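Spelled out from the first residue to the last, the chains are:
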Amino acid sequence: MKIRLSKNNIRVRFSTVDKSDWLNLGKCSFQLPPIASFEFELNNDSENTVETNDEKTIIHLDKKSFETFLNNEVEGYSFQWSDIRIDLEKDYPCAHQAHQAPHTFTRPE
């Protein structure tokens, strides 16, 4: 997983390794010690929500919508939380690479 933080945006790229965690555990986490810790969890609600505390930020994702994103050719899944946009994306191989890295999604044609 790769994460990029800016003033009004959290951008996360998930690899196929993360996809396995999602499908098997229903969650995935990322830590940037000592700055931040993020946990992404699937929930059965039809709404995306975010909760924060002193230890971490937990992003609850609508399970059905997120699983659809993981299993089709849609590149991104985004939603707004307060004044922050959260962009979740699949990690694709760089265009200049001759071979696909084993942990990246297959780029749609």
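Please read these numbers as outputs of a predicted model, since none were measured by experiment. (Residues numbered from 1 in each chain as written. Predicted model: local features only at pLDDT ≥ 70, side-chain atom pairs only at ≥ 80, totals over all residues. Heavy atoms only, no water.)

If you had to explain the sheet that holds strand β1 (residues 2-6) to someone new, which residues and values would you point to?
Overall, mixed pairing links the four strands, which are arranged β1-β2-β8-β7 in an open sheet. For this open sheet the edge positions go to β1 and β7 (76-81), each flanked by a neighbour on one side alone. Within the sheet, the average angular offset between the axes of one strand and its neighbour, ignoring direction, is 10°. Sheet topology note: the strand β2 (residues 9-14)/strand β8 (residues 84-90) ladder contains six bridges and is parallel. Bridging across to β8, R13 finds its partner in E89. Strands β2, β7 and β8 of the sheet are contacted by helix α2 (residues 63-70), whose axis makes an angle of about 40° with β8. (Pairing = 2+ DSSP bridges. Helix = DSSP H or I, 4+ residues; strand = E, 2+ residues; numbered from the N terminus. Axes fitted to C-alpha atoms, helices over the stretch in contact; angles between N-to-C directions. Contact = heavy atoms within 4.5 Å.)

An account of the environment of K2 is requested, with residue identities and associated values reported.
With respect to the helices and strands, the residue K2 is situated in strand β1. Ignoring any residue separated from it by four or fewer positions in sequence, one finds K2 in contact with R11, V12, R13 and D91. At 3.4 Å, the side chain of K2 and the side chain of D91 are in polar contact. (Polar contact = N/O pair within 3.5 Å; in protein donor to acceptor, adjacent residues only side chain to side chain.)

Can you break down the pairing of β2 residue by residue, with the values?
Relative to β2, β1 runs antiparallel, the two sharing five bridges. Directly across from I3, in β2, lies its bridge partner V12.

So what's going on with the side chain of K90? Which residues, and what values?
Topologically, K90 is positioned in strand β8. A distance of 2.2 Å separates a polar side-chain atom of K90 from the backbone oxygen of N72. Here V74 takes part through its backbone oxygen, which lies 3.2 Å from a polar atom of the side chain of K90. Beyond its immediate chain neighbours, meaning those up to four positions away, K90 contacts R13, F14, F69, L70, N72, E73, V74, E75 and F105.

Nothing here speaks to function; it is all geometry.
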